[in-house]
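# Working through the structure, step by step
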Amino acid sequence: MGDRLYVSGLPYAVTEAQLHDLFSEHGTVASARIVTDRFTGRSRGFGFVEMGSEAEAQAAMDALNGTELQGRVLKVNEAHERRTREN
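A few points on the structure. Along each chain, the written sequence defines residue order, and numbers are assigned to residues from 1. Only residues with pLDDT of 70 or above have their local features reported here, since the model is predicted, and side-chain atom pairs are shown and tallied only from 80 upward, although totals for entire chains, interfaces and linings are computed over all residues. Note that water and hydrogens are dropped before the side-chain values are worked out from all heavy atoms of the structure.

Strands are runs of DSSP state E lasting at least 2 residues, helices are runs of H or I lasting at least 4, and numbering of each runs from the N terminus. Scanning the protein for helices and strands turns up two helices and six strands. From first element to last, N terminus to C terminus, the protein shows the α and β order β-α-β-β-α-β-β-β. Relative to the compact-globule value of 12 Å for 87 residues, the protein shows a C-alpha radius of gyration of 13 Å, a close match. With respect to the three principal axes, the spread of C-alpha positions in the protein is 35 × 35 × 20 Å. Relative accessible area decides the class of each residue, using a 1.4 Å probe on protein chains only: under 20% of the type maximum gives buried, over 50% gives exposed, and in between gives partly exposed. Here the protein, with 87 residues, has 32% of them falling under the buried criterion. Within the protein, counting contacts between residues at least 6 apart in sequence, those at least 24 apart form 62% of the total. Throughout, the Shrake-Rupley method with a 1.4 Å probe supplies accessible areas, and for residues the shown protein chains are the sole cover considered. Within the structure as shown, the protein displays about 5900 Å² of accessible surface, and the carbon and sulfur contribution to it stands at 44%. Only C-alpha atoms enter the radius of gyration; for comparison, a globular chain is expected to reach 2.2 Å times N to the power 0.38, where N is the number of residues. By definition, residues are in contact when any of their heavy atoms lie within 4.5 Å.

So, on to helix H1 (residues 16-24). Taken together, the buried positions of H1 are occupied by Leu 19, Leu 22 and Phe 23. All buried residues of H1 fall inside an arc of 90° around its axis, so they share one side. Residues of H1 that are buried make contact with strand S1 (4-8), strand S2 (29-36), strand S3 (43-51), helix H2 (54-64), strand S4 (68-69) and strand S6 (75-78). Directions drawn from the helix axis to the C-beta atoms are what define this arc.

This part is about unusual backbone geometry. Even without a glycine there, the phi angle at Gln 70 is positive, about 50°. You can see Gln 70 is positioned in the loop between S4 and strand S5 (72-73). Judged by relative accessible area, which is 52%, Gln 70 ranks as exposed.

Turning to the environment of Asp 21, a few remarks are in order. Mapped onto the elements, Asp 21 comes out in helix H1. Sequence separation between Asp 21 and Glu 50 is 29 residues; the distance between their C-alpha atoms is 13 Å.

Centre distance within 6.5 Å is the pairing criterion for rings of Phe, Tyr and Trp, where only the six-membered ring of Trp is used; planes under 30 degrees apart are then read as stacked, over 60 as edge-to-face, and the remainder as tilted. By the definition in use, this model includes three aromatic pairs. Relative to Phe 48, the ring of Tyr 6 lies with its centre 5.6 Å away and its plane at 55°, an arrangement referred to as tilted. Residue Tyr 6 is located in strand S1, and its partner Phe 48 is located in strand S3; the two are separated by 42 residues in the primary sequence. Residue Phe 48 is classed as buried on the basis of its relative accessible area of 17%. Aromatic rings pair up to connect Tyr 6, Phe 46 and Phe 48 into one cluster. In this structure, Arg 4 is placed above the aromatic ring of Phe 48, and the distance from its NZ or CZ to the ring centre is 4.6 Å. Two thresholds decide whether a charge sits over a ring: the Lys NZ or Arg CZ must be within 6 Å of the ring centre and within 35 degrees of the ring normal.

Here the focus is the nonpolar core. In terms of nonpolar packing, the biggest core is built from 18 residues, with Leu 5, Val 7, Leu 19, Phe 23, Val 49, Met 51 and Val 76 touching the most fellow members. Take this core: its biggest share by element is four residues, from H2. Buried residues of nine kinds, namely Ala, Val, Leu, Ile, Met, Phe, Trp, Tyr and Cys, make up a nonpolar core once their side-chain atoms join them within 4.5 Å.

Structural data, given as structure tokens:
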């Protein structure tokens, strides 16, 4: 397990600051980023949070996975490196 988490099910109105604050209740947050649509700039409903350590990432995942935020259920998993497509 690493210290980087993938968070899906985010309400579209949630800001990166709110995401940071939510995860900081479970440890040190190194970064929190919400992925946005490149054309509209709107949230795509998922993002990434990097915690200060693997233990803090595990604690945040255990505490927040399956919880509700503004009417949507969060899914928190370990982030994996993006795979590249070979054509």
